[in-house]
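Notes for the structure review
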Amino acid sequence: MTKQLPSKADVIVVGGGIVGSAIAYHLPKFGVRNVVLLERKKLTSGTTWHAAGIIGRMRPVRAQADLMKYAMDLMRRLEDETGQATGFKQNGGYQIALNEDRLNLIRRSVSLAEYFGIPSRMVSPQELKEVWPLLNVDDVLGAAHLPENGQVSPVDYTMALAKGARQEGVKIFEDTKVASLIKRGDCIVGVETESGAVEGKMVVLACGMWTRELARTVGVHVPLHAAEHFYMVTEPITGLDPKLPILVSLEERAYYKEDAGKLLLGLFEARGKSWATHGIPEDFEFDSLPEDYEHYENELALAARRVPSLESAGIQTFFVGPESFTADGRYLIGPAPEVKGLFVSAGFNSSGIMSSAGMGKVVGEWIAKGSSPIDMHAFALSRSMPFQANRYFMEERVKESIGIWANMPWPGRQLTSARGVRRLPLHNELKAAGARMGERVGWEFPLWFAPPDVEFSYRLGRQDWYPYVRQECLAIRDEMAIIDQSAYAKFLISGPDALKVLNRISAADIDVPVNKVVYSAWLNERGGFEADLTVTRLGADEFIVISGFADQRIDMVWLNDHLPEGADVTIQDVTNAYGLLALMGPKSRDLLQSLSDDNLANDALPFGFSAEINLGHVTARASRVTFVGELGYEILLPTEMCGYLHDLLISTGGPFGLRYAGLHAVAACRLERGYRLMGVDIGAEDTPIDAGLGFAVGWTKPDDFIGRHIVEAQRGKAPRSRLLQFSLGGADDTPILIGNEVIWRDDERVGTITSGGWGFRIEQSLGMGYVLADAGVTADWIKQGRFEIEVAGERFPAVAQLAPFYDPSGERTKM
C-alpha cells in the first residue's frame, strides 16, 4: 500500500537508527515540530540493533561529560515518559592497566573525572578481583572504577526515543528509502522516495554507513566507511552476577559485559577489515557478516587468558557486523560545507549508543537556533578535506581507525595508513634532510629532523626525539631555522566590499595601512573564537588571510556563511597556489638582507608589517610575524618558486647557522611564548578576554563585529575564566604536561591544562590552562594563590602567571 507521506516538513531526518531517532526526539523540544523521519528498512536495522550498548560517563571535555550525564538521566526517565523501557542499568565499569604508562593515563583520567564531578577512584587488583571473580589479575597493576557507567538495550532505547518523538508529533516512516536528495541551485530542499517527494527546510543525514554515498550524490564529502566489528556471547554462565560491572582492557583491545546471564566479549583489533567499499547491499537489514575466526585469533587468545572461564564456556553467538568509522576517529557533525539545507550527523565510531542522546540534543538545538550550544570544532564536518571521502582512501584508513579507541594515546601519535596524499612544496628536500613526517588532514609535514639510522618510540614523559628538537629550538633562539609552513590556509579576499566584510567578521580593526599585518579573532555571537588568524592588507580593496592548516575548510565555511547578501567581494582559496617558508631566529634578517636589494632594517620593515622584497631571482612577500617568539619572517611566494628559494637559502645560510626545524620545535617554542592554539587553547566558548587576547579586539573601530556586545560587556572586568601560563620547573623528575591535568589553587580544583610540553629554550616543563574564580581572576588573585598541577594523582607545585615564561615583553620579536 502506498504510504501517505506529507508533502512538506520543516526537518527531514534520514535514518532510523539510534542517532536519527535521538535527533527526531529532540527537535520538538526546541520548538521544531513538523519533523519527518524516513528509514529505508526497519528502525535499528542497520547498525544499532547489534550494538553492545555500553554507556560511559567520562569525556575529556566538561561539556561532553555533562551531555553524558544528560543521556543517562534521559535513559532513566524515558520509560515514565513513553511507557517503553530502555533496559538501562548502571552496573558501573572498570578499566584495567597492564603497564605503567596505561596506569599513568588512567590515573590522569580519574583526576579529571573527579574535577568534573564524576564519581571515580583507583582500585587495587585485589579489590577488582572481588567484584570480578572471573578475572585473572596476575599482571593487572591497577584499575579505575567508574560506578556511573552502565549499559542499555540499543533496540529498546531507540524505540523509546522514537515513541517519544511520535508523542511530540514527529512522523516516522519505515520501509521508506530515500532514493535521492532534491537540489535546487546550491540548496537541498527535500528528498525523493518511492512513495513520493517530501520538501523540507532542512535535511539531516543520520544514516550511518549509508551517509557517505547519499551525500556524495549532491557533491557533499563525508569521510566515513564501514568496517567489520566483532563480538561473541557465551552460553549462560552459572552464578554470573547480573550486576557484573563492564570491564575494559585496552592493552588487549577488549571489553566485557554481562548479557542476560551470559558474558559478551567485544574486540577492536589494531588493524581491522573494511566492508562494502563498492556499496552496501540493497537488501541489507538486520544482517551479520561471515565469521573470520583467524582474524581475531590473537585478541581471543588474550581474552581467554584474561578470563580463563572463556576456555570452557560454550559460545552462543559469534557475531560480526558493520559499523562506520571516520578518518580520524571523531564524529562528523554539522552543516554540509558544499550546499545549504543539509546537515550531517554520522560517523560515531562505535559510540553511537552512548553519544546519541547528547549529540541529538546538540543537533536539535543547533538546527532550531542556528548555532551549536557547545564547541563542536573538533567534530565539524568541515574539518575534513574532500579527498578524504574518497572510497579508496577511506577503505585503507578505516582498517586503522577502527582500532583508535584502544590505541595508547601517546603524545604526538600519528596514523600510518593512507599517507602521502598532500605534500609540501619542499617535501622531497625535507625528507632528504632527515625529516620525520607526521600527518594531519592529509598533509605530510616534518615533526623533527634526525639522522636516518636513529630509531624512535612513543612514550610518556621525555621523548626519544627531545635532543633533536632541542637543537632546533636553540637554533631558533640563537641563530635561525627554516620551517615549511606552506600547509597554512591562505584566502585572498578582494573587491569594493572586502574591507567592510572583513571588519564585520574580524574582531580586530582591519582598516589599517597597506602592508600592515593584523592578528584577529573571528568570533561567534557568544563572543567565542571560531578562528584566529592574520589579515594582511595588500591594497585598498585586497587582503590575504592566513590561518592554521587544520582549519582550512572550517575557516572558509565561516567566511562564506557570514557574507552579507549582495556583497561585492571575491574570495579565493589560494592555499595551494602559494608556499609559505618561515625563517625564524635572530640571524634571519642578516641572511635575507644578504640576498636582497631591499632595505630590511627594523625601521624599514618593523614587526607586524609586510612587504614585497627581492630574494635572489624571485620576488616574494615577507611578513614580520612569528609563532615561535623570535625575530622572523614568513615568506609567501608562488608554490613553484619554493624549491628555488629553498636551495638559495640552504646554499647561503651556513655562515648564519641555518638549519631545519619541524612542528615539534614550533610547538615547544609557542608554548614558551604563550601563543594560543585554535581548538586547543581557544575555542567557541572562550572569549578574547578569557584567553588574554584583548589586544586582538578593535575596541575603538566604528564598525560593528560579530560578538562585539559580549566582549564589550566583559571589558574592564575581571573575567570568571582566564587562561594562565604555568611552569613546573626543570628538575630531572619534573613531569611533562600533555593536557587535561587538573589545576589546584589553595587546595581547590580551579581548572585544567589545555596545552603542555617541555620548553627547550628555558628547560622547563610548561603548560597553559584556564582557571575559574567566581569573583574574577585578577593579578592579585593569582599572586596570592598557591598553585599545583595534578599529574596522575600526584600534585606538583607550579608557578602561575599571566605573562609567558619566555621573553614576556616580546622584545625579541621586535628587534
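Definitions and cut-offs
Residues numbered from 1 in each chain as written. Predicted model: local features only at pLDDT ≥ 70, side-chain atom pairs only at ≥ 80, totals over all residues. Heavy atoms only, no water. 1 Å grid on protein atoms, 1.4 Å probe; cavity = no way out; pocket = protein on both sides within 12 Å on 5 of 7 lines; lining within 4 Å. Points joined across faces, edges and corners; volume = space filled by probe spheres on them. Helix = DSSP H or I, 4+ residues; strand = E, 2+ residues; numbered from the N terminus. Nonpolar A, V, L, I, M, F, W, Y, C, P; charged D, E, K, R; others polar. Buried < 20%, exposed > 50% of the residue type's maximum accessible area, 1.4 Å probe, protein only. Pairing = 2+ DSSP bridges. Phe/Tyr/Trp six-rings, centres within 6.5 Å; stacked < 30°, edge-to-face > 60°. Lys NZ or Arg CZ within 6 Å of the ring centre and 35° of its normal. Lys, Arg positive; Asp, Glu negative; His and termini not counted. Salt bridge = Lys/Arg side-chain N within 4 Å of Asp/Glu carboxyl O. Polar contact = N/O pair within 3.5 Å; in protein donor to acceptor, adjacent residues only side chain to side chain. Contact = heavy atoms within 4.5 Å. Axes fitted to C-alpha atoms, helices over the stretch in contact; angles between N-to-C directions. Left-handed = near helix turned anticlockwise from the far one by under 90°. Core = buried A, V, L, I, M, F, W, Y, C linked by side-chain atoms within 4.5 Å. Parallel < 35°, antiparallel > 145°, perpendicular 65-115°, else oblique. Expected span 1.5 Å × (residues − 1).

One pass over the full model with this rule turns up three cavities of 30 Å³ or more. What the largest cavity holds in volume is close to 100 Å³. Forming the walls of the largest cavity are 13 residues, and the residues nearest its centre are L424, F445, D484, Q485 and L663. Elements with a minimum of two residues in the lining of the largest cavity: strand 21 (443–449) and strand 22 (480–484). Taken together, the residues that form the lining of the largest cavity break down as nine nonpolar, three polar and one charged. Empty space within the second largest cavity amounts to approximately 80 Å³. Lining of the second largest cavity is provided by V517, T534, T536, I544, I546, L580, R621, S623, V625, E634 and L636. When residues of the lining of the second largest cavity are traced back to their parent elements, those giving at least two are strand 25 (529–539), strand 26 (542–547), strand 30 (618–623) and strand 31 (632–638). Residue classes in the lining of the second largest cavity are distributed as six nonpolar, three polar and two charged.

Counting buried positions over the nine residues of strand 36 (residues 764–772) gives seven, a clear majority of the element. Across eight bridges, the pairing between strand 33 (residues 721–729) and strand 36 is antiparallel. Looking at the pairing, S727 lines up with L766 of strand 36. Taken together, the eight bridges between strand 35 (residues 748–759) and strand 36 define a ladder with antiparallel strand orientation.

Applying the stated criterion across every chain yields a total of 29 aromatic pairs. An angle of 25° between the planes, with centres 5.5 Å apart, marks the rings of W448 and W465 as stacked. With W448 in strand 21 and W465 in the loop between strand 21 and helix 11 (466–478), the pair connects residues that are 17 residues apart, well separated along the chain. Each member of the pair, W448 as well as W465, carries the same accessibility label: buried. Among the aromatic residues, those joined into a ring-pair cluster are W448, F456, W465, Y466, Y468 and F760. Sitting over the face of the ring of Y115, R62 holds its NZ or CZ atom 4.8 Å from the ring centroid. Lying over the aromatic face of Y633, R624 brings its terminal NZ or CZ to 5.8 Å of the ring centre.

Our focus in this paragraph is the side chain of E39. With respect to the helices, strands and loops of the structure, E39 is situated in the loop between strand 2 (35–38) and strand 3 (54–55). Despite being buried, E39 has no salt bridge partner; R40 is the closest side chain of opposite charge, sitting 5.1 Å away. Only 2.9 Å separates the side chain of E39 from the backbone nitrogen of K41, close enough to count as a polar contact. Discounting residues that sit within four places of it in the chain, E39 has contacts with G15, G16, G17, S45, F173, E174, D175, T176 and K177.

Helix 8 (residues 352–369) packs onto helix 1 (residues 18–26) with a crossing angle of 30° between their chain directions and a minimal axis gap of 8 Å. You can see that helix 1 and helix 8 cross each other, and the crossing is right-handed. Every residue of helix 8 that contacts helix 1 at I18, V19, A22, I23 and H26 is listed here: G352, I353, S356, A357, G360, K361 and V363.

For the second largest pocket, the calculated volume is near 1,100 Å³. In this structure, the second largest pocket is lined by 40 residues; those nearest its centre are P335, W366, V557, W558 and D561. Mapped by element, the contributors of at least two residues to the lining of the second largest pocket are strand 17 (332–335), strand 18 (342–346), helix 8, strand 25 and helix 13 (552–561). At six residues, the largest contribution of residues to the lining of the second largest pocket is made by helix 13. When the residues that make up the lining of the second largest pocket are grouped by side-chain class, the tally is 22 nonpolar, 10 polar and eight charged.

Turning our eyes to something else, we now look at the nonpolar core. One broad trend across soluble globular proteins is that nonpolar side chains are buried collectively. Within the largest apolar cluster, 66 residues are counted, with the highest numbers of intra-cluster contacts made by I476, L583, I635 and L649. The residues touching L649, leaving out its near neighbours within four places in the chain, are I482, L583, L591, L592, L595 and L658. Core analysis: the second largest hydrophobic core is formed by 49 residues, V19, L78, A357 and V362 among them.

Here the focus is the packing of helix 1 against helix 5 (residues 154–167). Between helix 1 and helix 5, the least distance of the axes is 8 Å, while the angle of their chain directions is 30°. Our classification of the angle between helix 1 and helix 5 gives roughly parallel. When you trace helix 1 past helix 5, the crossing you get is left-handed. Contact with helix 1, carried on its side by I18, S21, A22, A24 and Y25, involves Y157, T158, L161, A162, G164 and A165 of helix 5 and no other residues of that element. Taken together, the residues that form the contact of helix 1 with helix 5 break down as eight nonpolar, three polar and no charged.

Note that G657 resides in the loop between helix 15 (642–653) and strand 32 (658–660). The class for G657 is buried, based on a relative accessible area of 15%. The sequence separation of G657 and I18 amounts to 639 residues, and the corresponding C-alpha distance is 59 Å. With near-sequence residues (within four places) excluded, G657 lies in contact with E479 and M480.

So, about unusual backbone geometry. Although it is not a glycine, N515 sits at a positive phi angle of roughly 80°. Residue position: N515 is located in the loop between helix 12 (498–505) and strand 24 (517–523). In the Ramachandran plot, D747 falls in the positive-phi region, its phi being about 65° despite a non-glycine side chain. Among the structural elements, D747 can be located in the loop between strand 34 (742–745) and strand 35. Under the relative-accessibility criterion, D747 is labelled partly exposed at 45%.

Following the criterion strictly, the structure yields 47 salt bridges and no others. Linking R57 and E148 is a salt bridge whose minimum nitrogen-to-oxygen distance equals 2.8 Å. Of the two residues, R57 sits in the loop between strand 3 and helix 2 (62–82) while E148 sits in the loop between strand 6 (142–146) and strand 7 (150–151), which places them 91 residues apart along the sequence. Exposure remark for E148: the relative accessible area of 24% places this residue in the partly exposed category. One continuous salt-bridge network, built from bridges that share partners, spans K29, R33, R77, E81 and E168.

Here we take up helix 11. Between its first and last C-alpha, helix 11 extends 18 Å over 13 residues, near the 18 Å set by a 1.5 Å rise per residue. Listed as buried for helix 11 are Y466, V469, E472, C473, A475 and I476. Buried residues along helix 11 sit in contact with strand 21, strand 22, strand 28 (578–584), strand 32, helix 16 (663–673) and strand 35.

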